[in-house]
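# Notes for the structure review
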Amino acid sequence: EKKFKISFKTNIINKNLTINSLTNLIENKNYKKLSKSDEKKLLMFVNNTIKTNFRYNSKRSDLSKVAFNRHSKWDSLAHAKLLSALEKKYKISINKKNINQFSNLKLIIKYLNKQKVQI
């Protein structure tokens, strides 16, 4: 395994990054942490739309576990219903290019942030 270092200069600071840290930086670009109330709102929207009972715990909330096929009621039919509801509520378009961004709550939040959608 070869290791590479990439250097770049920003207006603020010089950074030396490994490939892994650069990948993390790119993946997290445009991803801001939602407020706890926005996370709860989106979780309530999911619960109301597909009739699930996921609970929110602000101290140890792992939103990637709120996911398709992680609850008996979040099956393929409920997933299609959720996708349709997300499109209507947030005025977004879900297609074959971005459908993978809607398999869990963390990815949904990340996608909505990237699209600058207000929750």
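These notes cover the structure that comes with them. Since the structure is predicted, the reported quantities are computational estimates derived from the model, not experimental observations.

## Comments concerning the overall build of the protein
Looking only at helices and strands, the protein features four helices and two strands. N-terminal to C-terminal, the α/β element order of the protein is β-β-α-α-α-α. In the protein, buried positions account for 34% of the 119 residues. Long-range contacts, defined as pairs at least 24 residues apart, comprise 42% of the intrachain contacts of the protein with a sequence gap of at least 6.

## Considering the pattern of salt bridges
Per the stated rule, a full pass over the model turns up one salt bridge. A salt bridge links D38 to K41, with the shortest nitrogen-to-oxygen separation between them at 3.7 Å. With D38 and K41 both in helix α2 (residues 36-50), this residue pair falls three residues apart, about one helical turn. Judged by relative accessible area, which is 15%, D38 ranks as buried. Given a relative accessible area of 46%, K41 falls into the partly exposed group.

## Things to note about α2
Helix length check: α2 (15 residues) gives 21 Å between terminal C-alpha atoms against 21 Å at 1.5 Å per residue, within 8%. Among the residues of α2, D38, E39, L42, L43, F45, V46, N47, T49 and I50 are the ones counted as buried. Buried residues along α2 sit in contact with α3 (76-90) and α4 (105-114). Residue K51 follows α2 closely and has a positive phi angle near 55°.

## Digging into the packing of α2 against α3
Interhelical geometry of α2 versus α3 gives an angle of 130° and a closest axis separation of 9 Å. Taken together, the axes of α2 and α3 are oblique relative to one another. The two elements α2 and α3 cross, and the hand of that crossing is right-handed. Of the residues in α3, those in contact with L42, F45, V46, T49 and I50 of α2 are A78, K81, L82, A85, L86, K89 and Y90.

## Structural notes on the packing of α2 against α4
Contact geometry for α2 and α4: axes closest at 11 Å, N-to-C directions at 120°. Between α2 and α4 lies a crossing whose hand is right-handed. Contacts between α2 and α4 pair E39, L42, L43 and V46 from the former with L105, I108, I109 and L112 from the latter.

## A short note on α3
An α-helical turn contains 3.6 residues, so a residue and the one three or four places further along point in the same direction. Relative to the 21 Å expected for 15 residues at 1.5 Å per residue, α3 spans 21 Å between its end C-alpha atoms, a close match to the ideal helical length. All of the buried residues in α3 are A78, H79, L82, L83, A85, L86 and Y90. Buried residues in α3, looked at end-on, bunch into an arc of 165°, giving them a common side. Facing away from the buried side of α3 by more than 90 degrees, the exposed set consists of S76, L77 and K88. Tucked inside the fold, the buried residues of α3 contact α2 and α4. Measuring from the backbone nitrogen of L77 back to the side-chain oxygen at the start of α3 gives 3.3 Å, which picks out D75 as the cap. Of the residues trailing α3, K91 is marked for its positive phi of about 50°.

Basis of the calculations
Residues numbered from 1 in each chain as written. Predicted model: local features only at pLDDT ≥ 70, side-chain atom pairs only at ≥ 80, totals over all residues. Heavy atoms only, no water. Helix = DSSP H or I, 4+ residues; strand = E, 2+ residues; numbered from the N terminus. Buried < 20%, exposed > 50% of the residue type's maximum accessible area, 1.4 Å probe, protein only. Contact = heavy atoms within 4.5 Å. Salt bridge = Lys/Arg side-chain N within 4 Å of Asp/Glu carboxyl O. Expected span 1.5 Å × (residues − 1). Axes fitted to C-alpha atoms, helices over the stretch in contact; angles between N-to-C directions. Parallel < 35°, antiparallel > 145°, perpendicular 65-115°, else oblique. Left-handed = near helix turned anticlockwise from the far one by under 90°. Arc of directions from axis to C-beta. Polar contact = N/O pair within 3.5 Å; in protein donor to acceptor, adjacent residues only side chain to side chain.

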